[in-house]
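What follows is each chain in one-letter form.
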Amino acid sequence: MRYRENFTLLNYAQPVEVVIDEDFLTVHLSDGRIISNLLEWFTWLANATSEQRQNYTLSAYSIDWDDLDNGVDVEGMLRGIKPRTPQNLTLHNTP
């Protein structure tokens, strides 16, 4: 049951708009909330072309960029959780 309790941050709000500028990934939710995270947290998106950035799909709990084979979890954004990257995993797994 604890897993279900974690979903209360979204309160059934869904992403309805995505704005990407030179510094931030900003997501507008259906309940009026606006959340932003540093674009540098998403290096794969920061390095994408403008055309690639605009080619996304909204789902109930995520934004997916099929051309980039990656996506963003909206609940993770709400919690301020920096996404794991191969570089972060390598740093944490080195002896």
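Everything below is about the structure printed above this text.
Residues numbered from 1 in each chain as written. Predicted model: local features only at pLDDT ≥ 70, side-chain atom pairs only at ≥ 80, totals over all residues. Heavy atoms only, no water.

Caption draft 1: Local environment of the environment of D69. Within the element layout of this structure, D69 appears in the loop between β5 (62-65) and β6 (70-73). Using a relative accessible area of 70% as the deciding quantity, one classes D69 as exposed. (Helix = DSSP H or I, 4+ residues; strand = E, 2+ residues; numbered from the N terminus. Buried < 20%, exposed > 50% of the residue type's maximum accessible area, 1.4 Å probe, protein only.)

Caption draft 2: Broad picture of the layout of surface pockets. Its volume calculated, the largest pocket comes out at about 150 Å³. Residue lining of the largest pocket: N37, F42, W44, N70, G71, V72, D73, G76, M77, I81 and P83, and that is the complete set. Breaking the lining of the largest pocket down by element, the ones donating at least two residues are β6 and α4 (74-79). By residue number, the principal contributor to the lining of the largest pocket is β6, which donates 4 residues. Residues belonging to the lining of the largest pocket are distributed by class as follows: 6 nonpolar, 4 polar and 1 charged. (1 Å grid on protein atoms, 1.4 Å probe; cavity = no way out; pocket = protein on both sides within 12 Å on 5 of 7 lines; lining within 4 Å. Points joined across faces, edges and corners; volume = space filled by probe spheres on them. Nonpolar A, V, L, I, M, F, W, Y, C, P; charged D, E, K, R; others polar.)

Caption draft 3: Region of the structure containing the sheet that holds β6. With antiparallel pairing, the 3 strands of this open sheet are ordered in space as β4-β5-β6. Among the strands making up the open sheet, the edge pair consists of β4 (57-58) and β6. In terms of strand pairing, β5 meets β6 through 4 bridges, oriented antiparallel. Counted as the bridge partner of S62 is D73 from β6. (Pairing = 2+ DSSP bridges.)

Caption draft 4: Region of the structure containing the pairing of strand β3 (residues 34-38). Of the two faces of β3, the one lined by I35 and N37 is fully buried and the one lined by I34, S36 and L38 carries no buried residue. Examined bridge by bridge, strand β2 (residues 24-29) and β3 share 5 bridges and lie antiparallel to one another. Residue pairing in the sheet places V27 in a bridge with I35 of β3.

Caption draft 5: Summary view of the packing of aromatic side chains. The tally for this structure, following the rule as stated, stands at 3 aromatic pairs. Residues F42 and W44 carry aromatic rings whose centres are separated by 6.5 Å and whose planes lie at 80° to one another, so their mutual orientation is edge-to-face. Between Y56 and W65, the aromatic rings sit 6.0 Å apart at their centres with planes inclined by 55°, giving tilted as the arrangement. By relative accessible area, which is 24% here, Y56 ends up partly exposed. Among the aromatic residues, those joined into a cluster by ring pairs are F42, W44, Y56 and W65. (Phe/Tyr/Trp six-rings, centres within 6.5 Å; stacked < 30°, edge-to-face > 60°.)

Caption draft 6: Geometry of the nonpolar core. One finds I20, L25, L45 and W65 to be the most contacted residues of the largest nonpolar core, which totals 16 residues. The greatest single-element share of this core, amounting to 3 residues, is contributed by β2. Leaving out residues up to four positions away in the same chain, L45 has contacts with I20, L25, L39, R53, W65 and L68. (Core = buried A, V, L, I, M, F, W, Y, C linked by side-chain atoms within 4.5 Å. Contact = heavy atoms within 4.5 Å.)

Caption draft 7: Summary view of the pairing of β5. The pairing of β4 with β5 spans 2 bridges and is classified as antiparallel. The residue bridging T57 from the neighbouring strand is D64, located in β5. The hairpin turn running from β4 into β5, its antiparallel successor, is 3 residues long. Connecting β5 to the next strand, β6, in antiparallel fashion are 4 residues, including D69 with a positive phi near 55°.

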